[in-house]
Amino acid sequence: MATKSVVNEAHEIQLAIDLVNLGARLQLLESETSLSRERLLKIYKELKGVSPPKGMLPFSTDWFITWQPNIHSSLFMNIHKYLQKHAGVTGIETVVKAYRLYLEQVPVSVNEEPVLSLTRAWTLVRFFDGKMLTFAKCNKCGGQFVAHRLDLHDHYACGLCHVPSRAGKTKKHREMELSLALVA
């Protein structure tokens, strides 16, 4: 009979608390901790005051390639890569530390969510580990950006150097322009 370590269990609970506070979905918690589903549900409900959202996790590499998500995903993955190489952290701890550093670089308003959620960041790392995504070097700025592994990257231009014509034309932006037009 294997004995349970109180210290290991406390570490797992603290990890679950950190992940929930950063916005992790239940599937991520189940995958990265050894705590039971019931225990994770209790932790989630205690911290958030509601049951965790239901539904499948995102599973498309295409989301990370579109203009704005690509910039945020690339920033996160470059931080993640740096931490793995120079800070000596591994696994989910690298994702948590990289995500916290990403949030420091991309401030969001009180009522807004960051473009890249923790669950998407975790999924992105899994896509890199599964060799579905890779880095492509921009020919203009030299930055490393998230790209499909099998795409041709010879003349790659990032979304910052080659901004799409519709970039930034979100619904929120259009509503703001309309409200300004009505005031004028």
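For clarity, every value in this text was computed on a predicted model and none was experimentally measured. (Residues numbered from 1 in each chain as written. Predicted model: local features only at pLDDT ≥ 70, side-chain atom pairs only at ≥ 80, totals over all residues. Heavy atoms only, no water.)

A. Main features of the packing of aromatic side chains. Under the definition given, this model contains six aromatic pairs. Seen in terms of ring centroids, Tyr99 and Tyr102 are 5.6 Å apart; in terms of plane orientation they differ by 35°. Their pairing is tilted. Of this pair, Tyr99 and Tyr102 both sit in helix α5 (residues 91-105), three residues apart, roughly one helical turn. Tyr102 shares its class with Tyr99; the two are buried. (Phe/Tyr/Trp six-rings, centres within 6.5 Å; stacked < 30°, edge-to-face > 60°. Helix = DSSP H or I, 4+ residues; strand = E, 2+ residues; numbered from the N terminus. Buried < 20%, exposed > 50% of the residue type's maximum accessible area, 1.4 Å probe, protein only.)

B. Focus on the packing of helix α4 (residues 67-86) against helix α6 (residues 118-129). Remark: α4 packs on α6, axes separated minimally by 11 Å, with the N-to-C direction vectors making an angle of 65°. Judged on the interaxial angle alone, α6 and α4 are roughly perpendicular. When you trace α4 past α6, the crossing you get is right-handed. Judged by residue contacts, Ser73, Phe76, Met77 and His80 of α4 engage Ala121, Leu124, Val125 and Phe128 from α6. For the contact of α4 with α6, the per-class residue count stands at six nonpolar, two polar and no charged. (Axes fitted to C-alpha atoms, helices over the stretch in contact; angles between N-to-C directions. Parallel < 35°, antiparallel > 145°, perpendicular 65-115°, else oblique. Left-handed = near helix turned anticlockwise from the far one by under 90°. Contact = heavy atoms within 4.5 Å. Nonpolar A, V, L, I, M, F, W, Y, C, P; charged D, E, K, R; others polar.)

C. Structural detail: the nonpolar core. Among the nonpolar cores identified, the biggest contains 37 residues, and Leu19, Leu29, Phe76, Met77, Ile92, Leu118 and Leu124 are the most heavily contacted of them. Every element with two or more residues in this core is listed here: α1 (6-21), α2 (26-32), α3 (37-48), α4, α5, α6 and β1 (133-137). At seven residues, the largest contribution of residues to this core is made by α6. The residues touching Phe76, leaving out its near neighbours within four places in the chain, are Val95, Ala98, Tyr99, Tyr102, Leu116, Ala121, Leu124 and Val125. (Core = buried A, V, L, I, M, F, W, Y, C linked by side-chain atoms within 4.5 Å.)

D. Layout of the pattern of salt bridges. A full pass over the atoms with the stated rule returns three salt bridges. A salt bridge links Arg39 to Glu9; the shortest N-O distance between them is 2.4 Å. With Arg39 in helix α3 and Glu9 in helix α1, this residue pair connects regions lying 30 residues apart in the sequence. The class of Arg39 is partly exposed, set by a relative accessible area of 36%. (Salt bridge = Lys/Arg side-chain N within 4 Å of Asp/Glu carboxyl O.)

E. View of the environment of Gln105. Here Gln105 lies in helix α5. Remark: the alpha-carbon pair of Gln105 and Leu75, spanning 30 residues in sequence, is separated by 9.0 Å.

F. Structural detail: α1. Helix length check: α1 (16 residues) gives 22 Å between terminal C-alpha atoms against 22 Å at 1.5 Å per residue, within 8%. Taken together, the buried positions of α1 are Glu12, Leu15, Ala16, Leu19 and Val20. End-on view of α1: buried residues confined to an arc of 130°, all on one side of the axis. Exposed and oriented more than 90 degrees from the buried face of α1 are Val6 and Val7. Where the residues of α1 are buried, they touch α2, α3, α5 and α6. One side-chain oxygen of the residue at the start of α1 lies 3.4 Å from the amide nitrogen of Val7, identifying that residue as Ser5. Once α1 finishes, Gly23 follows within two positions and takes phi at roughly 100°, a positive value. (Expected span 1.5 Å × (residues − 1). Arc of directions from axis to C-beta. Polar contact = N/O pair within 3.5 Å; in protein donor to acceptor, adjacent residues only side chain to side chain.)

G. How the structure looks around the packing of α1 against α3. Closest axis-to-axis distance for the α1/α3 pair is 10 Å, and the angle between their directions is 45°. With respect to α3, the axis of α1 lies oblique. Classified by chirality, the crossing of α3 by α1 is right-handed. Contacts from Glu9, Ile13, Ala16, Ile17, Val20 and Asn21 in α1 reach Arg39, Leu40, Ile43, Tyr44, Leu47 and Lys48 in α3. Residues that form the contact of α1 with α3 fall into these classes: eight nonpolar, one polar and three charged.

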